[in-house]
Amino acid sequence: MPNPILLPLGLFFAEPPPEPDLPIEIRTMLEEAMASRNDADVATIVKYARRAAPKHSQKIADLASHYTSERSEKTVRQLRTASFGALLKGRAEIGGWINSGNSNNMGLTGVLDLSREGYRWRHKLKLQADYQENEGVSSREHYLAAFEPNYKVDDRLYAYGAAQYESDRFFGYTNRYSASAGAGYTAIARGPVTLELELGPAFRHTAFTGGNTERNLAARGSVDFDWKLTPALTFRQDTSAYVQAANSTVTSLSAVDAKLLGPLSARFSYNIQYESLPPVGRVNTDTTGRASLVYAF
């Protein structure tokens, strides 16, 4: 017969009963989701597994936490050790048209976007050319080159630099150089929606077709909004502005990307460029609609 005096001490020092193992069905679902490396699928499985097996909720949460930590450490290692070219991604866009018969028109548009997302640094390069010809006479020539390095302070805040060159003689300038530096913030980075905001001072040098030049200090701001409506359909809205005492510029690009096959997509876009004080004889607003093919690599 157990000693009634020692019984409480035995209960105190006794090992707790072992925690029951996860049901095989739940463990299998979790393992398969984690093996896929799809974070959205893992989050969904974890959510419903904790509801289905509340007694095992803490164990499921611990497994999810271990998975997230392991993924994060692996990503950091890859970003720190990868070569420059290994993290390089790009998008090439080309579109055009040719009309003959009662009228002879030709138009071409091309865009090349390159980006590299490193551990602390992100680099973005954009090259764009638009050309249109009507009855053998050019009616539009717009060329742009832009480079933007970002230094990531944390997951949302970053410092940016921006350098841009433009030429559009039909808008009244042969060369325009812009340089800016400031702060950027990722306001939304959740699910299918991302929103990035940038603001900073800028300097602009513009050579007009009439021969005169302007040098101005300005304020630069930009909004980059992406919304993945479905796995195959994405809406993008990019807006930027240079505001100054002289001629200010606002550009807006609205685009819908629809996946076709593999890395190939179709893009339908509408671009608006507004100049507050264009040269005499020029209008304030220029619009361009495009239908093009996009190849991602």
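Here, every reference points to the structure presented above.
## A word on the packing of helix α2 (residues 24-36) against helix α4 (residues 57-81)
Direction vectors running N to C along α2 and α4 enclose 15°, while the axes themselves pass 12 Å from each other. Between α2 and α4, the crossing angle belongs to the class labelled roughly parallel. Pair α2 / α4 crosses with right-handed handedness. Across from I26, L30 and M34 in α2, the residues of α4 making contact are I60, L63, A64 and Y67. Of the residues belonging to the contact of α2 with α4, the class tally is seven nonpolar, no polar and no charged.

## Overview of the pattern of salt bridges
Inspection of the entire model under this criterion finds 19 salt bridges. Where D130 meets R290, a salt bridge forms, and the shortest distance between an N and an O atom there is 2.5 Å. A residue pair is termed long-range when its members are at least 10 positions apart, and D130 in strand β3 (residues 121-134) and R290 in strand β12 (residues 285-296) qualify at 160 residues. When its relative accessible area of 10% is taken as the criterion, R290 is described as buried. With its nearest N and O atoms 3.1 Å apart, the salt bridge here joins E141 to R169. In this pair, E141 is assigned in strand β4 (residues 137-152) and R169 in the loop between β5 (157-168) and β6 (173-190), connecting sequence segments 28 residues apart. Its relative accessible area of 17% is what places E141 among the buried residues. Its relative accessible area of 39% is what places R169 among the partly exposed residues. Connected via shared salt-bridge partners are R91, E93, D113, D226, R236, D257 and R267.

## Describing the environment of G184
Inspection of the secondary structure assignment puts G184 in strand β6. Take G184: its relative accessible area is 2%, and that puts it in the buried class. Leaving out residues up to four positions away in the same chain, G184 has contacts with R156, L157, Y158, Y160, L197 and E198.

## Describing α4
The terminal C-alpha atoms of α4, which comprises 25 residues, lie 36 Å apart, in line with the 36 Å expected from a rise of 1.5 Å per residue. When we look at burial in α4, the residues that qualify are S57, K59, I60, A61, A64 and Y67. Here the buried face of α4 lies against α2 and α3 (39-52).

## Comments concerning α2
A turn of α-helix holds 3.6 residues, and therefore any two residues three or four places apart point the same way. Between its first and last C-alpha atoms α2 spans 18 Å; for 13 residues at 1.5 Å apiece the expected length is 18 Å, and the two agree. In this fold, the buried residues of α2 make contact with α3 and α4. Following α2 by one or two positions, R37 adopts a phi angle in the positive range, close to 60°.

## Considering the pairing of strand β2 (residues 105-117)
Pairing analysis gives 13 bridges linking β2 to β3, with the strands arranged antiparallel. When the bridges of β3 are listed, N105 appears paired with N134. Linking β2 to β3, which pair antiparallel, is a turn of three residues.

## Brief notes about the environment of R190
By the secondary structure assignment, R190 is in strand β6. We classify R190 as exposed; its relative accessible area is 62%. Sequence separation between R190 and Y158 is 32 residues, and the spatial gap between their C-alpha atoms is 18 Å.

## Some words on the packing of aromatic side chains
Here a ring pair, both rings aromatic, is described through the centre-centre distance and the interplanar angle of the planes. The tally for this structure, following the rule as stated, stands at four aromatic pairs. Pairing Y295 with F297 gives two aromatic rings, centres 6.4 Å apart and planes at 20°, and the pair type is stacked. The class of Y295 is partly exposed, set by a relative accessible area of 43%. A relative accessible area of 46% places F297 in the partly exposed class. When the ring centre of Y158 is taken as origin, the NZ or CZ atom of R122, which lies over that ring, is 4.9 Å away.

Scoring rules and cut-offs
Residues numbered from 1 in each chain as written. Predicted model: local features only at pLDDT ≥ 70, side-chain atom pairs only at ≥ 80, totals over all residues. Heavy atoms only, no water. Axes fitted to C-alpha atoms, helices over the stretch in contact; angles between N-to-C directions. Helix = DSSP H or I, 4+ residues; strand = E, 2+ residues; numbered from the N terminus. Parallel < 35°, antiparallel > 145°, perpendicular 65-115°, else oblique. Left-handed = near helix turned anticlockwise from the far one by under 90°. Contact = heavy atoms within 4.5 Å. Nonpolar A, V, L, I, M, F, W, Y, C, P; charged D, E, K, R; others polar. Salt bridge = Lys/Arg side-chain N within 4 Å of Asp/Glu carboxyl O. Buried < 20%, exposed > 50% of the residue type's maximum accessible area, 1.4 Å probe, protein only. Expected span 1.5 Å × (residues − 1). Pairing = 2+ DSSP bridges. Phe/Tyr/Trp six-rings, centres within 6.5 Å; stacked < 30°, edge-to-face > 60°. Lys NZ or Arg CZ within 6 Å of the ring centre and 35° of its normal.

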